[in-house]
Structure formats: structure tokens, C-alpha cells
Amino acid sequence: MSMSSVAARPGKVLALILLAAWMAPAGSQEARIQLGTPIDEDQLSGFDLIAAPDGSGMPTGAGTARQGRSVYELNCLRCHAVNGEGVSGNTVIAGGDMRSEESPLRTVGSYWPHASTLFDFIRRAMPADAPKTLSDDEVYQVTAYVLFLNGIVGEDESINSETLTAIAMPNGDGFVDQSHLH
Amino acid sequence: MTGMNWEKAAGNGLLNRRHLLQLGLTGLGAAGANAAFGQDAGAILQIPEWSRMPGANASAYGERSRYAGDLRRMAGTPDPIYPGGGASRSPLQFLQGTITPNALHFERHHAGIPDIDPAGHTLVINGLVRQPLAFSYENLLKYPMVSRINFLECSGNSGALLRGGNADGTAQSLHGLLSCAEWTGVPLSTLLDEAGVLPEARWVAAVGADAASMGRSVPIEKALDDVLVALYQNGEPIRPGQGYPMRLFCPGWEGNISVKWLTQLKLMREPAQFRDETSKYTDTMPDRSSLQFTFPMGVKSLITSPSGRMNLPRPGIFQVTGVAWSGHGAIRRVEVSADGGATWAEAEMQAEPGDKALARFTIPWEWSGGPAVLQSRATDSAGNVQPVRDEVLAARGTISFYHNNCIQSWGVDNGGAISNVYV
């Protein structure tokens, strides 16, 4: 292709210039394409749902088990039953004992190592037929109620980002991190 | 074939793998039938009907032959209290080679398959990075891509075998949460470099855009090593059941961590401790401690033909074939036993085994008409040897469910019927 034919097609010239811009060395000899759009964390307040054990990602708000009972009965009871005993293996969320003689019943109370996971999972995935329909306060309330069903918090204890992440779960030291083996 | 001097390689009829070249046998696959010659070698051959008229026109989208068998995944029954949860299993016993056709690749979903318009889909990288970034699908397609052939296996695959039972199980029903494809996409390291990973970041929390917003945490070393943001599977855009428009792909690791419908990657100091890396995908040992972040899939193999619920029609020579794989590297060798593990013979690898990919093995076997137990045992490039079931049970107990890589035993009875057995 001759230079004159390129000059006669401005669209193509623009494309070549853009490509040159992508491929330009960015502080190194390496050619890079960089097409990510810069964003701020505050643009992600409704998008980033990760609520971690260190409290990061936990929203403001609070709730008690007493408040959570009605939220639970409306949204959770159909699958998890009145006292968290569930209607199938995967829906049992209360009771159990990892030290039992038989194969232990693994629930939030007997198995889950972090209380933050309960908030994180309910907010992102529950109720299963209508996930992400509960308000943050309702998630705190239901979280408190499930912990109450497991005898981990009192009925009127206020659960918020600080009190939730301070809870030591019964099986909190029951896990062995294998990630260093890989 | 009678009267020929077949070199025995191990007990109960296993023949030297070099005889494969002379045999040209087909296995007991779906199509299997060899009617034109197998039934009556003296028949006078004629030009068939389909060679006497023009065939169908070229088509926009291909289908298998209607004579090739109805290959289907085996999908579970929908559960109203677990909407969209469940799995479908690949028909391993009817496949050959090592690549799983996309329509038959296994699936495991936690809240169904979202119907994602890529124009409305965003991949966010945030957390401990110099600059949080958002990527559109359109822009990701402009990056240089790499392709890798890798297996994908659900860590719950074969788990039921630890509990016993399943005499009527097939390769598909027992082990079908396993597939292999060519995955093409942008190296995750490219995108992480663009965002600028801060030194204190040790984990990448990956989240999908399904209704469960399913999340898993990936160690930074793996994320910067061989992980892809995969956009294509076997040459076509990843299908919705595999994560369209994009999924994380972590070669060799338990399937669940290759998060589908990928929409967020958050750099963190510690794991996010999602439900699916605490309550699920963890394994409780006999001492009641539970193993967490058990990522690689162990070295494993499986005879796919002959296998459960097949029947050997008559005594004679059969081609035993199957697949082997390891999350720790490439398959170095596969041995096969026809006497329940008393003696072993090395199988032939169909091609040079790839890293963290399915490898196909074959070995000829002369079935005498008596009882037999067929097994395969794989060794990988890291020196790992596939264990027997009792070893797995001794090490992991019976509470554990995930990561069962034990040797599969297929029992053959006097009538040639094959079933899952425990030896």
C-alpha cells in the first residue's frame, strides 16, 4: 500500500495512530495495550459485595436477632425451617457438633470458621429465589438471627460490622490452610 | 486373530501395547458396531445407496450424524429449593481423544446460568491496586490472547465412590464432572499489571455475575502465573453454561475456582472467606480438622471403555482405553490391570501428554470369558501416583467428599457385564 493511498483514507490513519498509542512503551521496552477504564472505589459501593473477616466491605447498619426473626420467617423459613433445621442436607444451618461420634452435622454454628461469611453470603446469594433483595439492615438482622439459632449471640445483641467480625466462631480454629502447598 | 502369538504384558489377558498398531480394533464406544465386516467377512460389497445421489447441502450449524448415537450430558433433576443449582455430566464413555465438545462439557452451577448481554457486563479490578480499573468485553477482545488445552474437573467429581454403592454407575454418572478444552483468553497477569498490584496484595477474590455472585479467592502467585480471563472455548465464544462472556480459568485446580461470568477481581491481603471456600469445597479429616484451599486436582485416570453398564459381547480381544490427568503437571504414564491390581501393564499414550490436560491411553486386552477387574493407575510428571480407594479412605476418612482421585475398578462378570466394584 502506498503512502498516498493511506493519506486518502483518514479513518485508517486514525486507526493506525490509535494502535501506535496503545503499543507505545509505558516506562519500559515492553509494548502494552492498556484499555481498562480508571474508576474510584466509591463507584463500587453498590457493586463490590465482598464482606471480609477483617471488616472490609461491611456496610454501615446493624440488626438484632429479635428484629431478624420476622425477616427470617418471611424469606428463609421455607427452606431453612423454623429453627434452622432445614428441609434437606444443604439447608440445615443450625446445630451439629464437629466432635460428635457419628459423621458430624456441619452447619453455620458447628462448621463455619468466620461470621463475616454469613453476612457476605446472605447479602450476595440469599434468599435463593430472590437474591440481593434484602437491605443491608435486614442482612444484619438475619445474620444475627442465624447466629442466635446457633447459640452464638443473644437475642438482643446488636450485630454490625464491628461486633460481627469480633465473633469467634465455635469451629474458627478448625481449618488448615493448604494454600502454601501449591 | 486366533492362532497369533500375542505377547502378554500382565495377568488375565493384558497384551503388549505395541500390538495396538496391528489390531486396529475399535473400543466399545457408542458407535461401536462394525457390521459391514464384523458379521460376515465373506459378503460381496456393493456401492451403497448414498453414493448414488447428491447429499444434503452445506449447513449453517453442524449436527452429529443421526446414526452416531444420542450423546448427551446427564443433568440432575431441578430442585425447587436450590433454583439453578446442580450439574450436568459429560458422557465420557462415548468420547474419544481428549477434547470435550462444547455442548458436552460438564456444568456445575450454584444459581443457574445468567443470560448476560456482554454490552452490559463489566470486569472490575479493585482493592489493593494502584488504580482500580473497569474493562468492557469489547475492550478485552482487543488484548493479545493465549490458548491452553487444560482439563477442568469439579472437586466433587467421583466423590460418591467414597461412600460406596453405585454398582450401576457409569463413567459418566460417577466421573462425568470432568472435561477438557482449549481455553483462549487474556492472561490475568496482563490485566493485574495494568491495574498495578500493590506489594501487600496476597489474594485475588474473584466474583461471578450469576445470581449467587459466586466467589472464590485465588493466591496471588497462581493469579500471576498461568490463570486466564478466558473468552473462548474450543475456538468459539465461551458458552453461557461455561461463563459467557468470560470466566476465570485456573489450570489444574478444582473447577469451582475457575469462576464463571467473571465480573470482579479484588486484590486483598487475606482470602475473602466466601461461602464456597469455607462451608463448601473444604474437606473434614478423621481428626475433625478441615482442609481449606486444597486447589490442585490430584493425579487420576479412568478407563472409559469398557466401563460401567457396558457388555462384552463375546470373549476376544478388546481395546481398553481411557483418560488420565493431573493438576500437578503432565501425565508420565498409565498402567492398566485386568486382575484387580495384582499385575500391571503399561498402556500406550495416544499422544504426548500435555500439561494439566487430559491424556488418552490404550492397551489391548484379551478377555477369556472369566471374571476380571479392570483398573488404571496414572503417574504424573511430579512423580505422584494415583492411589487406591483404601489409601484415600485411610488418609481422608469418610466425612471428606471432595478431591477423590482413587483408582476406579470396573468388574467384568462371566457374562461380560461390567459394573462398578470395590476391591
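On a predicted model such as this, the values are computed, not experimentally measured, just so you know. (Residues numbered from 1 in each chain as written. Chains lettered and ligands numbered in written order. Predicted model: local features only at pLDDT ≥ 70, side-chain atom pairs only at ≥ 80, totals over all residues.)

The helix and strand tally for chain B stands at seven helices and 26 strands. On C-alpha atoms alone, chain B measures out to a radius of gyration of 23 Å, which is about the 22 Å that the 2.2 N^0.38 rule sets for 423 residues. Expressed along its principal axes, the backbone C-alpha trace of chain B runs to roughly 75 × 65 × 40 Å. Nonlocal contacts in chain B, meaning residues at least 24 apart in sequence, comprise 72% of its contacts between residues at least 6 apart. (Helix = DSSP H or I, 4+ residues; strand = E, 2+ residues; numbered from the N terminus. Rg over C-alpha atoms; globule rule 2.2 N^0.38 Å. Contact = placed C-beta atoms within 7 Å.)

For chain A, the helix and strand inventory stands at seven helices and two strands. Along chain A, helices and strands appear, N-terminal first, in the series α-α-β-α-α-α-α-α-β. A burial count over chain A gives 34% of its 182 residues as buried. A fraction of 57% describes how many contacts in chain A between residues 6 or more apart in sequence connect residues 24 or more apart. (Buried ≥ 20, exposed ≤ 12 C-beta atoms within 10 Å, placed from the backbone.)

Take the domain arrangement of chain B next. Residue and element names in this part refer to chain B. Here the domain parsing of chain B yields domain 1 (109-168 + 178-289) and domain 2 (300-421). Listed per partner, the contact involves 21 residues of domain 1 and 23 residues of domain 2. Secondary-structure elements contributing two or more residues to the side of domain 1 that touches domain 2 are β8 (146-153) and β16 (283-284). Top element by residues in the side of domain 1 that touches domain 2 is β8. It accounts for three residues. (Domains from an automatic or database assignment.)

Take the interface of chain B and chain A next. Facing 45 residues of chain B, the contacting portion of chain A comprises 46 residues. Looking at the side of chain B that touches chain A, the elements with two or more residues in it are β6 (122-127), β7 (133-136), α5 (188-195), β11 (215-219), β15 (262-268) and β17 (290-292) of chain B. Residue composition of the side of chain B that touches chain A, by class: 23 nonpolar, 15 polar and seven charged. (Nonpolar A, V, L, I, M, F, W, Y, C, P; charged D, E, K, R; others polar.)

One open sheet accounts for six strands, arranged β1(A)-β7(B)-β6(B)-β15(B)-β10(B)-β11(B); its pairing is mixed. In this open sheet, the two strands that pair with only one neighbour each are β1 (37-38) of chain A together with β11 of chain B. In the sheet, β1(A) pairs with β7(B) via two bridges, with the strands oriented antiparallel. If you follow A:T37 over to β7(B), its bridge partner there is B:A134. (Pairing = 2+ DSSP bridges.)

Once that is clear, we can look at the confidence of the model for chain B. Residue and element names in this part refer to chain B. Mean pLDDT over chain B works out to 94, with 94% of the residues at or above the 70 mark. In the model, residues 24-38 has pLDDT below 50 throughout and makes 22 contacts with residues more than four positions away in sequence or in other chains. For this predicted complex, the interface confidence reaches an ipTM of 0.93, while the overall pTM sits at 0.92. (pLDDT = per-residue confidence, 0-100.)

On to the confidence of the model for chain A, then. For chain A, per-residue confidence averages 88 on the pLDDT scale, and 83% of positions sit at 70 or higher. Confidence drops under pLDDT 50 across residues 1-27 of chain A; counting only partners more than four residues distant or on other chains, this segment forms 10 contacts.

Residue and element names in this part refer to chain B. Looking only at α5, the buried set comprises L188, L191, L192, E194 and A195. The buried residues of α5 occupy one face: seen down the axis, they fall within an arc of 155°. Once α5 finishes, G196 follows within two positions and takes phi at roughly 80°, a positive value. (Arc of directions from axis to C-beta.)

Within the secondary structure, A:F121 sits in helix α5 (residues 115-125). With residues up to four places along the chain from it excluded, the contact list for A:F121 reads A:M126 and B:R275.

Now for the packing of α5(A) against helix α6 (residues 136-149) of chain A. All names here are of chain A. Where α5 meets α6, the axes come as close as 9 Å, and the angle between the chain directions of the two elements is 130°. In terms of axis orientation, α5 runs oblique to α6. As for the relative orientation of α5 and α6, their crossing is right-handed in sense. Of α6, the residues touching α5 (which contributes A115, L118, F119, I122 and R123) are V139, Y140, V142, T143, V146 and L147. Broken down by class, the residue content of the contact of α5 with α6 amounts to nine nonpolar, one polar and one charged. (Axes fitted to C-alpha atoms, helices over the stretch in contact; angles between N-to-C directions. Parallel < 35°, antiparallel > 145°, perpendicular 65-115°, else oblique. Left-handed = near helix turned anticlockwise from the far one by under 90°.)

Attention now moves to the nonpolar core. Counting residues in each nonpolar core, the largest one holds 135 residues, and the members touching the most others are A:V142, B:L14, B:A206 and B:V229. In contact with B:V229, not counting residues within four places along its chain, are B:L140, B:G185, B:V186, B:L188, B:L191, B:M246, B:L248 and B:L262. (Core = buried A, V, L, I, M, F, W, Y, C linked by C-beta atoms within 7 Å.)

What follows concerns the sheet that holds strand β4 (residues 86-89) of chain B. Residues and elements named next belong to chain B. Strand order in the open sheet formed by three strands is β3-β4-β5, with antiparallel pairing between adjacent strands. Each end of this open sheet is capped by a strand with a single partner; those strands are β3 (74-75) and β5 (107-109). In terms of strand pairing, β4 meets β5 through three bridges, oriented antiparallel. Within β5, the position partnered with S88 by the bridge is E107.

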